[in-house]
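# Overview (structure and organization)
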Amino acid sequence: MATCGRGCIPALRICHQLNRLKTLDDDLMVTSMKRCLSMVDLALLGVGGMVGSGLYVLTGTVAKDTAGPAVVLSFLIAGIASLMAALCYAEFGARVPRTGSAYMFTYVSCGEIWAFLIGWNVVLEYMIGGAAVARAWSGYLDSMFNHTIQNYTQTHIMNWNVPYIAHYPDMLAAGILVVATFFITFGVRVSSWLNHIFSAVSLAVILFILVFGFILADPVNWSQKEGGFAPFGVSGVMAGTATCFYAFVGFDVIAASSEEAKNPQRAIPMATAISLALAATAYILVSTVLTLMVPWHTLDPNSALSDAFFRRGYSWAGYIVAVGSICAMNTVLLSNLFSLPRIVYAMAEDGLFFSFFAKVNPITKVPVNAILVFGLLMAVMALVFDLEALVQFLSIGTLLAYTFVAASVIVLRFQPEKEKTSSKAVSTTSPISNREMSPEASESRIISQDSGELKEYESFSDKLQLVEMQKTRERSAPGVLKARWEPYLGRVFGDFEPGKVVAFSVLGIMVSSVSLCAVFVFGSKPLHLPMWSFALLIVVFGSTLLLCLVIIYAHEPHVNTKTFQVPLVPFIPAASILMNVFLMLKLSPMTWVRFTVWLAAGLLVYFGYGIWHSKERLRELQPKDMAARYVVLPSGSLVETVQSVQPNGQGDTSILHNAHCPAPPAEEQQAQR
C-alpha cells in the first residue's frame, strides 16, 4: 500500500470486498436443519433429478435427428463428461457439507461476487427448469386425453396471442407445482419419501421397457439396410453428445442436500457415483432398446417409446410408459423444488440475499419462506410462459456453475490450510492497536508450529534457526513448488506466496479454454479464418492451456485422506472446464442476451443489498487485535506479517502488512519494527 497512491486505496478496498472468501465454522456438522438423509436417499434424489422426461423424449429426438443408433455412444460420452463435473461436486459436498451447492463452493474458494452471481443464475435455472418440466408434464398428461384440457381452456377461459407468452394459461402445470410446493414444506423426510415412491415406479417402468424391449429387438434395425449404426458419422455422435449432456443435469441436488445428510463425507461421493451410474445405464440401455425395436428414421420424437410399442402391436404398453414418464417428471419437479429454496436460504443466511428467506421452520427444519415464495413464482412462470420460451433460458447458468466448481476444486486443492491462532497466542501477544510494545516485548514474538505448539523466540538469530528447521517442512506444504521442479521453476515462482501461482494458472486455464473453444466454434464458419491462422490459434491457445496445467502440477497438492478427493487434479477439472465452455459457446446468441439481462439484474441486487448486509463484511467490521508473526517462503526468505486476530481467538482474518526480508541484521529488523 505504500507504493500505491491514495487514489488506489478505495479501489483496493472495493476489490477486497468483492473477492472476500466465506469463513467456515470449525464444526461444519452443526446446522439448524435436520441431518436425516442416508446414502440411499441422496442417490434416489440424484436419480430423480437426472432421469426425467429426457429418457422418454430426448432419446428419440437425438436418435432420429442427430446420431441414429449411435445415440448409445452419445450418451456414453456425455455420461463420462458429466462424471468429471460430478466428481468436483462430490469433493466439495464431502469437504464443505453445507447447503448451497455451487454457490457455497464458489464462495469458499473464488470470492463473494462470483458466488453471488453463480447462485443468482442457478436460482433462475431451477425456476425455469421446474416450470418447463411442469409444462411438459401437463402437455404429456393432456395428450393422453386428446388435449381436452387445452381445448377447454382456450375456448372457455382465455386465449393469448403475445410473443414468448403461452397461447393459453396452463392451469394444470401451475396446479401441480402448487401441490408439490405444499408437500415440500412438510420437511425433508416427506420430500424424500415422495421421491422414493415416484423413483421406484419410474425405475420399475424402465425395467419393464428394457425386458420387453429386448424381447422385441431386431438387430436388422442397426444394419446397413436401415442406414447403419452411425449414419451421421462421428460429427453426429459428438453433436448428440452435446445434447445428451443436459440429460445428466440434476446430480447437483445431492451436493445441495449435504447439510441434511447424516454422514456427508461418505454419503455424498457414494450417492453421486451411484446415481450417475444408474442414470447413464438407464439412458444407454433404453436408447439401445428403442433403436433396436424400430428403425431409427421412423421414430416419433415426441413420444418415441410409446409409439415404438404401438407399432410393434402392443399399444397397452404405451400406457405403462406414460405412467413411468409422469412419475419421472414428478421426481424432477421435486428435485427442483427441493434444491432451489436451499440455495436461496444459503445466500440469505450469508447476508447476500433478503434475510426473510433465511428463516428455518423450527418444526419441519426447512426454509419454509423460500419454499413458498419461489414455489409460487415457479407456478406463475409455468402458468404464463410457453415451454419453448422457457427451454431457451436453460443450460447456461448450469454450465457456468459447473465451470466455477471445477476451477474451485483446483484452487482449494493447492491452497494452504488457514492457520488458527489460539487464545494463548492472543493473551501473550501485545495488541499493537492498543498500545506500543516495549523494546523488551518487541524482541519476543510468538511463532505457531505445525504441531500446534507455541514457541517464543527471543532474538532474530533464533528466528533464523527457525528458518533452517522449517525449510524442508515448508517445501512440502500445499501450494509450493515440488522439490524436483525447483531447479527449473524456482527462480520464477519461488518467491510467490503458496497457492498464488496456482490461482493465476487457473485463471489462465479459464481464458485459454474460452479462446480455444471460440476458435473451434466460430473460426471456420462465422469468421472464415484461413487454415494457417486457424491452426496457429489452436496451437497457441492449446499450448497455453497445457503450460498452465504443467505449472499447477509442479506444485504440492493438499492431501486429505478423511474426505473424497477428485483424482488426477488438475487434469479432470480442466477437462470439465473445457467441455462446459465449449457447450456454453454453442448456445444461441439470444440465450446470451437473456443471460446478460438477468446478470445485470443480479448485480443490482448485490450492490443494492448483498454487499452491505454480507456477514463477511460485518465480521470484518468487528474490532480486532493485531499480532505479528514470521513466515518462511520456499526460497528461504523471511516474511514479517502483521495480522489481525479476533478477540475471541477464532483465528486470523486479514493480513495488513507484508515486508520481505532475506535476512537483515538484528539492528535493521528492530528498526523495521
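These figures come from a predicted structure and were not determined experimentally. (Residues numbered from 1 in each chain as written. Predicted model: local features only at pLDDT ≥ 70, side-chain atom pairs only at ≥ 80, totals over all residues. Heavy atoms only, no water.)

## Regarding the overall build of the protein chain
The helix and strand tally for the protein chain stands at 27 helices and five strands. When burial is assessed residue by residue, the protein chain has 53% of its 673 residues classed as buried. (Helix = DSSP H or I, 4+ residues; strand = E, 2+ residues; numbered from the N terminus. Buried < 20%, exposed > 50% of the residue type's maximum accessible area, 1.4 Å probe, protein only.)

## Regarding the packing of helix α6 (residues 112-143) against helix α14 (residues 316-349)
Interhelical geometry of α6 versus α14 gives an angle of 155° and a closest axis separation of 9 Å. The angle between the axes of α6 and α14 places the two elements in the roughly antiparallel class. In the crossing of α6 with α14, the sense of the turn from one axis to the other is left-handed. Each residue belonging to the contact of α6 with α14 can be placed in one class, and the counts come to 22 nonpolar, seven polar and no charged. (Axes fitted to C-alpha atoms, helices over the stretch in contact; angles between N-to-C directions. Parallel < 35°, antiparallel > 145°, perpendicular 65-115°, else oblique. Left-handed = near helix turned anticlockwise from the far one by under 90°. Nonpolar A, V, L, I, M, F, W, Y, C, P; charged D, E, K, R; others polar.)

## Brief notes about unusual backbone geometry
The omega angle of the peptide bond from Val569 to Pro570 is 15°, so this bond is cis rather than trans. Tracing the backbone through its elements, the reader meets Pro570 in the loop between α23 (531-553) and α24 (571-585). Positioned with a positive phi, Lys365 is a non-glycine residue whose angle comes to about 60°. Tracing the sequence through the fold places Lys365 in the loop between α14 and α15 (368-384).

## Side note on the nonpolar core
Most often, soluble globular proteins have nonpolar side chains that are buried together. Formed by 153 residues in total, the largest nonpolar core has its most connected members in Tyr56, Tyr89, Phe248 and Phe353. No other element matches the 18 residues that α6 contributes to this core. Residue contacts for Tyr89: discarding those within four places in its chain leaves Ser101, Ala102, Phe105, Phe251, Asp252, Ala255, Ala401, Tyr402 and Val405. Counting 13 residues, the second largest nonpolar core, distinct from the first, contains Cys36, Ala43, Val253 and Ala267. (Core = buried A, V, L, I, M, F, W, Y, C linked by side-chain atoms within 4.5 Å. Contact = heavy atoms within 4.5 Å.)

## What to know about the pattern of salt bridges
Scanning all chains against the criterion turns up 11 salt bridges. Between Arg98 and Glu259 there is a salt bridge; the shortest N-O distance is 3.3 Å. Residue Arg98 is found in the loop between α4 (71-95) and α5 (102-107), and its partner Glu259 is found in the loop between α11 (252-256) and α12 (264-293); the two are separated by 161 residues along the sequence. The network of salt bridges with shared partners includes Arg20, Glu112 and Glu620. (Salt bridge = Lys/Arg side-chain N within 4 Å of Asp/Glu carboxyl O.)

## Quick notes on the packing of aromatic side chains
All chains considered together, the criterion is met by 36 aromatic pairs. Residues Phe232 and Trp296 carry aromatic rings whose centres are separated by 5.6 Å and whose planes lie at 70° to one another, so their mutual orientation is edge-to-face. Pair noted here: Phe232 is in the loop between α9 (188-215) and α10 (233-244) and Trp296 is in the loop between α12 and α13 (304-311), with a separation of 64 residues, a long-range link. Classification of Trp296 as buried rests on a relative accessible area of 10%. Here Phe353 and Phe357 contribute two aromatic rings whose centre-to-centre distance is 5.5 Å and whose plane-to-plane angle is 15°, an arrangement assigned as stacked. Accessibility classification places Phe353 together with Phe357 in one group, the buried group. Ring pairs connect the aromatic residues Phe116, Trp120, Phe353, Phe354, Phe356, Phe357, Phe374, Trp598, Tyr606, Phe607 and Tyr609, which therefore count as one cluster. One cation-aromatic arrangement involves Arg342 over Phe338; the distance from NZ or CZ to the ring centre is 3.8 Å. (Phe/Tyr/Trp six-rings, centres within 6.5 Å; stacked < 30°, edge-to-face > 60°. Lys NZ or Arg CZ within 6 Å of the ring centre and 35° of its normal.)

## Digging into the environment of Lys64
Within the fold, Lys64 resides in helix α3 (residues 53-67). Owing to a relative accessible area of 28%, Lys64 belongs among the partly exposed residues under this scheme. For the pair formed by Lys64 and Pro295, sequence separation is 231 residues and the distance between their alpha carbons is 9.2 Å. Apart from residues lying up to four places away in sequence, Lys64 is in contact with Phe232, Trp296, His297, Leu299 and Pro301. Here Leu299 takes part through its backbone oxygen, which lies 3.2 Å from a polar atom of the side chain of Lys64. (Polar contact = N/O pair within 3.5 Å; in protein donor to acceptor, adjacent residues only side chain to side chain.)

## A closer look at the packing of α14 against α15
It is at 9 Å that the axes of α14 and α15 come closest, and there the two elements cross at 125°. Relative to α15, the element α14 is oriented oblique. Taken as a pair, α14 and α15 cross one another with a handedness that is right-handed. On the side of α14, the interface is formed by Leu337, Leu340, Pro341 and Val344, while α15 contributes Ala370, Ile371, Phe374, Gly375 and Met378. Of the residues belonging to the contact of α14 with α15, the class tally is eight nonpolar, one polar and no charged.

## Examining a nonpolar patch on the surface
Together, Leu73, Leu76, Ile77, Ile80, Val234 and Met238 line one region of the surface with nonpolar side chains, adding up to about 530 Å² of accessible area. Taken together, the elements giving at least two residues each to the nonpolar patch come down to α4 and α10. With four residues, α4 is the single largest residue contributor to the nonpolar patch. Relative to the assigned elements, Leu73 resides in helix α4. (Patch = residues over 30% accessible without salt bridge, like charges linked within 9 Å, V, L, I, M, F, W, Y side chains within 5 Å. Areas by Shrake-Rupley, 256 points an atom, 1.4 Å probe, with all protein chains shown as cover.)

## Observations regarding the confidence of the model for the protein chain
Here the protein chain shows a mean pLDDT of 82. Residues at 70 or above account for 82%. Here helix α18 (residues 423-428) stands out as the least confident element of the protein chain, with mean pLDDT 37; α23 is the most confident, with 95. The model gives residues 420-459 a pLDDT under 50, and that stretch makes 76 contacts with residues more than four places away or in other chains. Note on residues 646-673: pLDDT under 50 across the span, and 66 contacts to partners over four residues away in sequence or across chains. (pLDDT = per-residue confidence, 0-100.)

## A word on the environment of Thr272
Inspection of the secondary structure assignment puts Thr272 in helix α12. Thr272 gets classed as buried once you look at its relative accessible area, which sits at 5%. As a C-alpha pair, Thr272 and Leu83 span 189 residues in sequence and 9.0 Å in three-dimensional space. When near neighbours in sequence (up to four residues on either side) are disregarded, Thr272 contacts Ala86, Ala90 and Ile254. Among the polar contacts listed, one links the side chain of Thr272 to the backbone oxygen of Ile268, at a separation of 2.7 Å.

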